[in-house]
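Understanding the architecture of this molecule
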Amino acid sequence: MKKELLDNILNDLKNVVSIEASAIVTRSGLLISADLPQNMGGETFAAMSATILGAAETATLEMKKGVPKRVIITTEEEKIITVGSGEKALLVCITSDPNLELVLEELEKAAEKVEKIL
Amino acid sequence: MTQELIIGGIVSVAFTRRTMGIMFTSIYDILGKNGANALLYNTGRNVGRAFAEKEKEITKSENIELLDKCIQIDIEAGFGKFEYNVDFNKFEGEVKLYDSFLAKSWIEFTKKKQEYPVCTFLAGYIAGIIESTFEKKVVVEEKECIALRNKLCLFEVKKDVFGD
């Protein structure tokens, strides 16, 4: 039931903005729900996303700058965006959508929905 | 040629508890609790899976017999003493670990009580062994830890409802 609701959140997100891959992951790096290309290792992607967000939290807290809202990794072609979703989970996506504002807005909305379900 | 350390028929290496304590506390210092937990759980799971797969290949054993062989080697290697009470039909239960090498390493290095369980690598490791042995995804969470001044480390085993 929860799984279905979470899958729907990722599907809805894909319908609003251009997203190549997305996943809902526990803070300890376990995959909860994913919409990933077949050649992408889901478990590693999940663990990596949780580790990066955790490390970013340490970095900003160490600098006394509060908790990071998101982590964005920018490559030549795409962005990997990770946002926290409450204490239990996080949401990560890969996008090349030029409208970053919209992507971030939709990701935040999706993250709130995930938090409520979990 | 230096003399090799053989444990359970496998060439091994040994670290002092203090070294282990430094290694693991450093990971937590750099990545923070959440980042370190994600890294260590998943690393432990990969190690546990690979270990059980190798043991399956070497001993040709399966299921409970394989699990017991893995546990026996871990006890010989100084991981601590494992006891499990898991329903392998429902994949629910608990694993007790007496004298966890990780928690003891942590205590020996930091000399203080921790605020959270520190055997996340072992939680992943247990999950990996169970997953490889029974081909079922599970989630293992440490509920009690010697580093929290509990008497033993207690791991809860649950079926991974999102995993299959």
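Attention here is on the structure that accompanies the text. One numbering rule holds for all chains: residues counted from 1, following each sequence as written. All chains are assigned letters beginning at A, and all ligands numbers beginning at 1, according to the order in which they are written. Given that this is a predicted model, residues contribute local features only at a pLDDT of at least 70 and side-chain atom pairs are listed and counted only at 80 or more, while totals for whole chains, interfaces and linings are drawn from all residues.

Helix and strand labels come from DSSP, where a helix needs a run of H or I of at least four residues and a strand needs a run of E of at least two; each type is numbered from the N terminus. Helices and strands together make up the secondary structure of chain A, namely three helices and five strands. Scanning chain A from its N terminus toward the C terminus, one meets helices and strands in the order α-β-β-α-β-β-β-α. The globule rule is 2.2 Å times the number of residues to the power 0.38, and the radius of gyration it is compared with is taken over C-alpha atoms. The C-alpha atoms of chain A give 13 Å as radius of gyration, which agrees with the globular expectation for 118 residues (13 Å, within 12%). On the principal axes, the C-alpha backbone points of chain A span a range of 35 × 35 × 25 Å. Each residue is classed by its C-beta neighbour count within 10 Å, where at least 20 other C-beta atoms makes it buried, 12 or fewer makes it exposed, and intermediate counts make it partly exposed; the C-beta atoms are placed from backbone geometry. For chain A, the proportion of its 118 residues judged to be buried stands at 42%. By definition, residues are in contact whenever their C-beta atoms, placed on the basis of the backbone, come within 7 Å of each other. If you take every contact in chain A between residues at least 6 apart in sequence, the share linking residues at least 24 apart comes to 46%.

Another point: the overall build of chain B. If you tally the helices and strands in chain B, you get four helices and six strands. The N-to-C order of helical and strand elements in chain B reads β-β-α-α-β-β-α-α-β-β. Seen through its principal axes, chain B has C-alpha atoms that stretch 50 × 40 × 25 Å. Looking at chain B as a whole, 37% of its 164 residues are labelled buried. In chain B, of all internal contacts separated by at least 6 residues, the share reaching a separation of at least 24 is 58%.

Okay, the sheet that holds strand 2 (residues 31-35) of chain A next. All names here are of chain A. The rule for pairing is simple: two strands pair if DSSP sees at least two bridges between them. Spatially, the five strands line up as an open sheet ordered 2-1-5-4-3, and their pairing is antiparallel. Of all strands in the sheet, those bounded by a partner on one side alone are strand 2 and strand 3 (70-74). On average, each strand axis in the sheet is tilted by 10° relative to the strand beside it, whichever way the strands run. Direction of pairing for strand 3 relative to strand 4 (residues 79-85): antiparallel, over a ladder of five bridges. Following the sheet pairing, isoleucine 73 is matched in strand 4 by isoleucine 80. Here an angle of 0 to 180 degrees is reported between the N-to-C directions of two axes, which are lines fitted to C-alpha atoms, with helices fitted over the stretch in contact. In the packing of helix 2 (residues 42-62) onto the sheet, the strands contacted are strand 1 (19-26), strand 2, strand 3, strand 4 and strand 5 (89-95), and the crossing angle to strand 1 comes to about 70°. Sheet strands touched by helix 3 (residues 100-117): strand 1, strand 4 and strand 5. Its angle to strand 4, the strand with the most contacts, is close to 35°.

This part is about the sheet that holds strand 3 (residues 81-87) of chain B. All names here are of chain B. Reading across from one edge, 3-4-6-5 is the order of the four strands in this open sheet, with antiparallel pairing throughout. Both outer strands of the open sheet, strand 3 and strand 5 (138-144), are each paired with one neighbouring strand and no more. Taking each pair of neighbouring strands and ignoring which way they run, the sheet shows an average axis angle of 20°. Bridge count for strand 4 (residues 92-98) against strand 6 (residues 153-159) is five bridges, and the pairing is antiparallel. Paired with glutamate 94 across the two strands is glutamate 156, which belongs to strand 6.

With that settled, the discussion passes to the environment of lysine 69 of chain B. Residue and element names in this part refer to chain B. Within the secondary structure layout, lysine 69 lies in helix 2 (residues 63-76). Taking C-alpha positions, lysine 69 is 9.3 Å from lysine 56, a pair spaced 13 residues apart along the chain. Non-local contacts of lysine 69, meaning those with residues more than four positions away in its chain, are made with Glu55, Thr59 and Ser61.

Moving on, we come to the interface of chain A and chain B. Taken together, the contact between chain A and chain B spans 16 residues of the former and 13 residues of the latter. At the level of secondary structure, the elements contributing two or more residues to the side of chain A that touches chain B comprise strand 2 and helix 2 of chain A. Counting residues per element, the side of chain A that touches chain B draws most heavily on helix 2 of chain A, which supplies eight residues. Three residue categories are used. Nonpolar comprises Ala, Val, Leu, Ile, Met, Phe, Trp, Tyr, Cys and Pro, charged comprises Asp, Glu, Lys and Arg, and polar comprises the others, including Gly. Here the residues of the side of chain A that touches chain B sort into six nonpolar, six polar and four charged.

Honestly, it's all geometry; don't read function into it.
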